[in-house]
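Observations on the three-dimensional arrangement
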Protein chains: 2
Amino acid sequence: MKELRSTPRAALASRRGRLAAALVGVPALFASGRPIGRNYPANPYPFRASSHFLYFAGASLEDAWLLCEGEETTLFLAPPPPDDALWHGPSPSREAIAEALAVEVRPLDELARTVAGRNVTTVPVQDLATRATQEKLLARSLEHPSERDERLLDAIIALRLVHDAAAIAELRAAAVPTEAGHRAAMAATRAGVPEHAIRAAFDGAFFAQGAAGHAYSPIVTVHGEVLHSHSYDNVLAEGDLLLADVGAESAGGFACDVTRVWPVSGRFSSTQRELYELVLASQEAAIVASVPGARWRDVHLVAARVIAEGLVALGILRGDPAELVADGVHALFFPHGVGHLLGLDVHDMEDLGDHAGYAPGRTRSDQFGLSYLRLDRDLAPGMAVTVEPGFYQVPAILEDPRLRALAGDRLDRDRLARFSDVRGIRIEDDVLVTPRGNEVLTAAIPKGPAEIEAAVGR
Amino acid sequence: MKELRSTPRAALASRRGRLAAALVGVPALFASGRPIGRNYPANPYPFRASSHFLYFAGASLEDAWLLCEGEETTLFLAPPPPDDALWHGPSPSREAIAEALAVEVRPLDELARTVAGRNVTTVPVQDLATRATQEKLLARSLEHPSERDERLLDAIIALRLVHDAAAIAELRAAAVPTEAGHRAAMAATRAGVPEHAIRAAFDGAFFAQGAAGHAYSPIVTVHGEVLHSHSYDNVLAEGDLLLADVGAESAGGFACDVTRVWPVSGRFSSTQRELYELVLASQEAAIVASVPGARWRDVHLVAARVIAEGLVALGILRGDPAELVADGVHALFFPHGVGHLLGLDVHDMEDLGDHAGYAPGRTRSDQFGLSYLRLDRDLAPGMAVTVEPGFYQVPAILEDPRLRALAGDRLDRDRLARFSDVRGIRIEDDVLVTPRGNEVLTAAIPKGPAEIEAAVGR
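If you're wondering where the values come from, they're calculated on a predicted model, not measured in any experiment.

**Quick notes on the overall build of chain A**
When helices and strands are counted, chain A shows 17 helices and 15 strands. In summary, chain A has a C-alpha radius of gyration of 24 Å against a globular reference of 23 Å for 458 residues, a match within 12%. Taking all 458 residues of chain A together, the buried fraction comes to 51%. A fraction of 73% describes how many contacts in chain A between residues 6 or more apart in sequence connect residues 24 or more apart.

Given below as structure tokens:
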């Protein structure tokens, strides 16, 4: 029997009730999507329902459609193909689904006439085949949201931005396999093995701890300066730092997102330790700043300021740290944003573009570095964010003429050359904003240099 | 630097030359496809190029378009985004790609005017966003192939059906991590661990042996009677058989597809051994029959006949084995086909429907069991197939009124009840047809009961 993992009914009732209140009678339709063929239809990628559907429906079901209208919630389901039980085993009955998800279940072929001619709002899913069905059902293009759709998006964002108890429980659940994975990966590290082998240590621990899988394509690399590296072919060498940005997805579909960096030898060199401690100080300052009412761009600038001060202290940069940050010179080494929303998506609700990440009236900066900030809202209790500053020596940046000119003689390249055994460091945790400050959901994963060295062992 | 793994230039030249000869001047356009967002665009599934593109282009490149026209082969590539080197590291240069793949490389924005107004043939890719671009470029719907497209399909099928030396080398390469995975999984098996843990043993061995990943969603289950089981939550118990249908994808994108079944305890029970040996005998007979000139449906019927004879000998079925097979009674226990084509796809070229699997003039049977046969061609040297008979006790079949009536008193349910510790057995190898017979590409993976028991250990 395929297990039906579901969100508690009370949480679903509350989410749907608040959605109904925001929409005042306008019906909203959420599609779960369909499996996507990898090279042919019968060889699909592992199915995962659309996050908006998951949030309100409460379980990951294929080709399922949730219609929320005032107090009524109806789930439209295709009948299983005649030979489904042969290939896929027994499925939960419609009655069991109706009971678990607190919905009325109706056959999918009734959906078209139920929504026909009515002004139903929706959010387009990623899967284009399902999106085409959405457009056909609603008899309109979903390329741009209608005014009513915008109201739906606002309502969804207001709900998903502030995690309820059920969502927080899922975020905590995702942290458990993530911790096990990072510990297993640290313990498996030794010179001579390929990055593949360390990645495999994560896989094993994740599954063993009940994760649904990876929340995103894992980064496991001795080339931490490649920010989104997705190959695992390098062989670990004694003097390398290994960067692992790897997080599990909970059974309910929520993400964990954690980066740790550790020395392959089990011991940081003095230069590695200096920069590691600098990034750690930056991260700790940013976490301290991540409290209710704080504007996220300011949290980013706190992290940047610590990095700039540290690089001046190490002699890599020259000048006034405040001015270096204002000019964006720190971004030569810390080019990305300090973090992003976290929830059912790793970059939560990024399918809505900056609609979710940026507060009304705020837009992206066009300064190099700051332009990559995915979030600029004021923090509030219940929001979850990642906090992840870094230090990287990216050739494409350090050799860029425009950025060379920006730095000018404020960058001491001779001094920088002393730190050549540091290609990339990022330290990332998941932070839940609480009424009185915050809680680091991933605090159990080794992070201090001594803790890291002990976990790698040797 | 992202590595460019590529097919040998001589193989590419030969494939393209034979394609050109078949198309007599008609240009053919192959799209690689684009990464597909999982829940938002920046969180894609691991990219894999379309198999047809891979076959003729020789490397897995994103949003790349190959135009083959007579002697000329042009690869149209989008320029990398300005900050690509920051996020993804340095890429192979256009010159390096042109040299490795023996193509002229041109900017993607020249493609539209190159194909405009010309009668270009193509094959639609799975990725619908790219398919929409294909339709726009060629200014026609790809819902049904045109007459020229049909000619292209015939040419592709003729080529990909009979593997060249480069393809055979890739099939052999895919078998290496697959063997390591099955051995690691057998050695990791013990009562009390979840299926997850055994699946993880495959992952680790695959990556360590240089596989690109899994060729398909792995099946690792103590419920072998669920033919396409894709959850891993059951805990292994002492008396269980574990079924693992797991194959690696080679670095060049070719598939391996292997099923083994082993006892969790390390020892087959007497009933498990009887049925295991029966399925093994069926598989061995089908392999012996898989020689040039043999019709695949006959190979299937050879396997079915051995199963029927064995079930009569064990007292589970009654009657004349030939008649039981003709009536499809064996299919109550062996409901699927004996195998399928294997190549760049696990079910090779299944994106073309039965066009690839069924010889002209042959169509699917509507008899239960035989209707699932994915292949009905005459074998020829260079073809690769899976050979995978099985025995299952599927409740949905054994309780089906129509199938109960078909079996009537030819099924001895009391006798069958004695074999209740066998839920599902399948034994699957990959077979390359050779001029003088065949070669089992996956022969190194333990299969005989004694070998299996030794590999599980205890």
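After presenting the structure, the write-up continues.
**Describing the relation of the copies chain A and chain B**
Mapping chain A onto chain B calls for a screw motion: a turn of 180 degrees about the axis and a shift of 0.0 Å along it, with 0.0 Å RMSD after fitting. What the rotation and shift describe, once combined, is the action of a two-fold rotation axis. Relative to the rotation axis, the C-alpha of L128 of chain A is the closest in chain A, positioned 3.1 Å from it. A shared binding surface is used by both copies, with 100% of the interface residues of chain A retained as interface residues in chain B.

**Quick notes on the domain arrangement of chain A**
Residues and elements named next belong to chain A. Under the domain assignment, chain A is made up of domain 1 (9-161) and domain 2 (165-456). Computed from C-alpha atoms alone, the centre-to-centre distance between domain 1 and domain 2 is 34 Å. Domain 1 puts twelve residues into the contact, and the matching count from domain 2 is 14 residues. Of all the secondary structure elements, the ones that give two or more residues to the side of domain 1 that touches domain 2 are α2 (51-57) and α7 (147-161). It is α7 that provides the largest number of residues to the side of domain 1 that touches domain 2, a total of four residues. Residues of the side of domain 1 that touches domain 2, tallied by class, amount to seven nonpolar, three polar and two charged.

**Regarding the environment of A244 of chain B**
Residue and element names in this part refer to chain B. Relative to the elements of secondary structure, A244 occurs in strand β8 (residues 241-245). Note: C-alpha distance between A244 and G224 (20 residues apart in sequence) is 8.4 Å. Ignoring any residue separated from it by four or fewer positions in sequence, one finds A244 in contact with H182, A185, I198, I219, V220, T259 and R260.

**Some points on the packing of helix α1 (residues 9-23) of chain B against helix α7 (residues 147-161) of chain B**
All names here are of chain B. Relative to each other, α1 and α7 sit at 145 degrees, their axes nearing to 10 Å. Relative to α7, α1 is oriented so that their crossing is right-handed. Between α1, through R15, R18, L19, A22 and L23, and α7, the contact on the second element is made entirely by R151, L152, A155, A158 and L159. Looking at the contact of α1 with α7, its residues break down into seven nonpolar, no polar and three charged.

**Some points on the sheet that holds strand β3 (residues 72-77) of chain B**
Residues and elements named next belong to chain B. As summarised here, the arrangement of the five strands in space is β4-β3-β2-β1-β5, forming an open sheet in which the pairing is mixed. For this open sheet the edge positions go to β4 (104-107) and β5 (121-122), each flanked by a neighbour on one side alone. Both β3 and β4 contribute to a ladder of four bridges, which runs parallel. Note on β4: the bridge partner recorded for L75 is V105.

**A few points about the sheet that holds strand β10 (residues 259-263) of chain B**
All names here are of chain B. Reading across from one edge, β7-β8-β10 is the order of the three strands in this open sheet, with antiparallel pairing throughout. The sheet is open, and its two borders are formed by β7 (219-221) and β10, each paired with just one other strand. Strand-to-strand twist across the sheet, computed as the mean angle between neighbouring axes with direction ignored, equals 10 degrees. Relative to β10, β8 is paired through five bridges, and the arrangement is antiparallel. In the sheet register, A244 faces β10, and the bridge partner there is R260. Sitting on the sheet, helix α9 (residues 195-208) touches β7 and β8, and the angle it makes with β7 is about 145 degrees.

**Digging into the interface of chain A and chain B**
Residue-level contacts link 49 residues of chain A with 49 residues of chain B. For the side of chain A that touches chain B, the secondary-structure elements that each account for two or more residues are α3 (84-88), α6 (128-138), α9 (195-208) and α14 (395-398) of chain A. For the side of chain A that touches chain B, the element with the most residues is α9 of chain A, which contributes eight residues. In the side of chain A that touches chain B, the residues fall into 23 nonpolar, 16 polar and ten charged.

**Some details on the environment of A384 of chain A**
Residue and element names in this part refer to chain A. Within the secondary structure layout, A384 lies in strand β11 (residues 384-387). Taking the C-beta count within 10 Å as the criterion, A384 has 25 such neighbours and is therefore assigned buried. A384 sits 56 residues away from V440 along the chain, and the two C-alpha atoms are 9.5 Å apart. Beyond its immediate sequence surroundings of up to four residues, A384 is in contact with H163, L171, L342, G343, D430, V431 and L432.

**As for the confidence of the model for chain A**
In the predicted model, chain A carries a mean pLDDT of 95, and the fraction of residues at 70 or more is 99%. Scored as a whole, the predicted complex attains pTM 0.94, and scored at its interfaces, ipTM 0.91.

**Observations regarding the environment of G181 of chain A**
Residue and element names in this part refer to chain A. Along the polypeptide, G181 turns up in helix α8 (residues 165-188). Its 30 C-beta neighbours within 10 Å are what place G181 among the buried residues. Counting along the chain gives 26 residues from G181 to F207, while the straight-line C-alpha distance between them is 9.4 Å. Residues within four places of G181 in sequence aside, it is in contact with F202, A205, F206, V246 and A248.

**Overview of unusual backbone geometry**
Of note, M349 of chain A is a non-glycine position whose phi angle comes to about 60 degrees, a positive value. Checked against the element boundaries, M349 of chain A lands in the loop between α12 (321-327) and α13 (354-357).

About the cut-offs
Residues numbered from 1 in each chain as written. Chains lettered and ligands numbered in written order. Predicted model: local features only at pLDDT ≥ 70, side-chain atom pairs only at ≥ 80, totals over all residues. Helix = DSSP H or I, 4+ residues; strand = E, 2+ residues; numbered from the N terminus. Rg over C-alpha atoms; globule rule 2.2 N^0.38 Å. Buried ≥ 20, exposed ≤ 12 C-beta atoms within 10 Å, placed from the backbone. Contact = placed C-beta atoms within 7 Å. Least-squares fit on C-alpha atoms with pLDDT ≥ 70 in both. Domains from an automatic or database assignment. Nonpolar A, V, L, I, M, F, W, Y, C, P; charged D, E, K, R; others polar. Axes fitted to C-alpha atoms, helices over the stretch in contact; angles between N-to-C directions. Left-handed = near helix turned anticlockwise from the far one by under 90°. Pairing = 2+ DSSP bridges. pLDDT = per-residue confidence, 0-100.

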